[in-house]
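Geometric and topological summary
Each chain is listed here by its residues.
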Amino acid sequence: MTLQTASSNITLEATPYGWLGQFRAMASPCEILLEAVTEQQAAELTQLAANEAWRIEQKYSRYQADSVLSQLNQHTACWQQLDSETAALLQFANTCYQLSDGLFDITSGVLRKVWRFDGSDQIPTAAAVAALLPLVGFDQLKFADDQLWLPKGMELDLGGIAKEYAVDKVAQLLADASKAQGTAMVVNFGGDMLAVRSKADRQPWRIGIEHPGKPDEPAMLVALKAGALATSGDARRFLQKDGIRYSHILNPKTGWPVPNAPRSVTVSAPSCVMAGLLATTALLQGADAEAFLQQQGLQFWLIP
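Everything numeric here is computed off the predicted structure, so don't read it as measured data.

Our focus in this paragraph is the packing of helix H1 (residues 39-60) against helix H3 (residues 84-99). H3 packs onto H1 with a crossing angle of 75° between their chain directions and a minimal axis gap of 12 Å. With respect to their mutual orientation, H1 and H3 come out roughly perpendicular. The segment H1 lies against H3, with Arg 55, Lys 59 and Tyr 60 engaging Glu 85, Thr 86 and Leu 89. Classifying every residue of the contact of H1 with H3 gives two nonpolar, one polar and three charged.

Here you go:
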């Protein structure tokens with residue numbers, strides 16, 4: 001049974017364990033799996049989740065001219081005041097940059113001006129890529145208290161962390177809202193997810209991981225009792241020319257796709273932002289992805 005909620009953008013579906021709330025945000029299908037709650041509670045929690053996801057999307061989308069992110073990108077070469085949430089996100093981005101030895105860099109989004117991963121064979125010239133490299137490098141940003149100096153021509157792109165951040169924020173919001181009931185749930189935004197509390201029967205949630213490029217193959221089932229999963233791969237965004245597949249995962253130091261990277265990496269971690277950081281950083285290691293993941297001491301699934 002599927003029901004429309006008060007918001008036309010949200011649906012509820014009854015399941016054997018409770019309810020499934022669905023909506024779209026950040027160009028992804030979003031699901032809230034809720035165990036042992038009433039229809040009214042499921043509707044309220046799903047609406048709460050959607051509102052928070054839409055808030056984060058509106059604030060940090062590079063596609064909306066009035067977003068906080070777009071405003072930062074439009075006012076370069078001057079000091080700009082950051083609100084506390086944005087300052088914390090950029091500090092996390094700096095942590096990602098440092099931990100990945102400069103490979104996870106939110107300033108590398110400017111490279112999309114020449115790279116369009118639409119499944120075609122349109123590869124940019126080496127000169128076009130090289131011309132943008134001076135505009136890439138998180139270490140070129142300046143911070144003073146809660147202020148940012150973004151050099152002229154540079155851009156910030158939070159696409160690599162915003163969805164995972166939204167999963168963590170929504171999960172915490174729902175956990176707080178349902179604390180009295182102790183509701184078990186999973187927040188799943190386009191395959192990046194976090195499980196809040198174990199199911200009542202102590203059985204894990206069964207999560208399917210699709211093989212990139214082979215949607216007809218049975219999904220690999222992963223057991224998740226609590227914690228997060230995040231996946232990074234080239235299933236939907238790539239270029240292909242002369243038999244070579246070019247992944248959308250770009251090395252910010254060269255401006256080119258990372259060679260010999262796995263097709264997909266999924267990592268389990270306490271938070272979705274941590275899982276996402278490690279999954280993407282692993283892909284950026286290319287042929288050394290598995291060795292990198294083994295050093296982290298966390299569970300992972302790699303599809304070559």
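Moving on, we get to the pairing of strand E18 (residues 300-303). Burial along E18 is one-sided: the residues Trp 301 and Ile 303 are buried and none of Phe 300 and Leu 302 is. Sheet topology note: the strand E17 (residues 264-269)/E18 ladder contains four bridges and is antiparallel. Bridging from a neighbouring strand, Ser 264 pairs with Ile 303 of E18.

Spatially, the three strands line up as an open sheet ordered E5-E7-E6, and their pairing is antiparallel. Only two strands of the sheet have a single neighbouring strand rather than two, namely strand E5 (79-81) and strand E6 (142-144). Direction aside, neighbouring strands of the sheet carry axes that sit 25° apart on average. Direction of pairing for E6 relative to strand E7 (residues 147-149): antiparallel, over a ladder of three bridges. Within E7, the residue paired with Lys 142 across the bridge is Trp 149.

Looking now at the packing of aromatic side chains. Taken as a whole, this structure holds eight aromatic pairs when the rule is applied. Seen from their ring centres, Phe 23 and Trp 54 are 5.9 Å apart, and the 75° between their planes marks the pair as edge-to-face. Placement of Phe 23 in strand E3 (residues 18-25) and of Trp 54 in helix H1 is noted, with a sequence separation of 31 residues between them. Ring pairs connect the aromatic residues Phe 23, Trp 54 and Phe 189, which therefore count as one cluster. Against the face of Trp 149 rests Lys 142, its NZ or CZ located 5.7 Å from the ring centre. In this structure, Lys 199 packs its charged tip against the face of Trp 205, placed 5.1 Å from the ring centre.

With respect to the helices, strands and loops of the structure, Ser 100 is situated in the loop between H3 and helix H4 (126-132). Within polar-contact distance, the side chain of Ser 100 engages the backbone oxygen of Tyr 97 at 3.3 Å.

With that settled, consider the environment of Leu 278. The residue Leu 278 is located in helix H6 (residues 272-284) in this model. Using a relative accessible area of 11% as the deciding quantity, one classes Leu 278 as buried. Separated by 121 residues in sequence, Leu 278 and Asp 157 place their C-alpha atoms 18 Å apart. Excluding residues within four positions of it along the chain, Leu 278 makes contact with Val 267, Phe 292, Leu 293, Gln 296 and Leu 298.

This part is about helix H7 (residues 289-296). Along an α-helix, a turn takes 3.6 residues, which lines up residues three or four apart on a common side. Buried within H7 are the following residues: Ala 289, Phe 292 and Leu 293. The buried residues of H7 all sit within an arc of 95° when viewed along its axis, so they share a single face. Residues of H7 that are exposed and angled more than 90 degrees away from the buried face: Gln 294 and Gln 295. Gly 297, located one to two residues past H7, shows a positive phi value of around 75°.

Cut-offs and rules
Residues numbered from 1 in each chain as written. Predicted model: local features only at pLDDT ≥ 70, side-chain atom pairs only at ≥ 80, totals over all residues. Heavy atoms only, no water. Axes fitted to C-alpha atoms, helices over the stretch in contact; angles between N-to-C directions. Helix = DSSP H or I, 4+ residues; strand = E, 2+ residues; numbered from the N terminus. Parallel < 35°, antiparallel > 145°, perpendicular 65-115°, else oblique. Contact = heavy atoms within 4.5 Å. Nonpolar A, V, L, I, M, F, W, Y, C, P; charged D, E, K, R; others polar. Buried < 20%, exposed > 50% of the residue type's maximum accessible area, 1.4 Å probe, protein only. Pairing = 2+ DSSP bridges. Phe/Tyr/Trp six-rings, centres within 6.5 Å; stacked < 30°, edge-to-face > 60°. Lys NZ or Arg CZ within 6 Å of the ring centre and 35° of its normal. Polar contact = N/O pair within 3.5 Å; in protein donor to acceptor, adjacent residues only side chain to side chain. Arc of directions from axis to C-beta.

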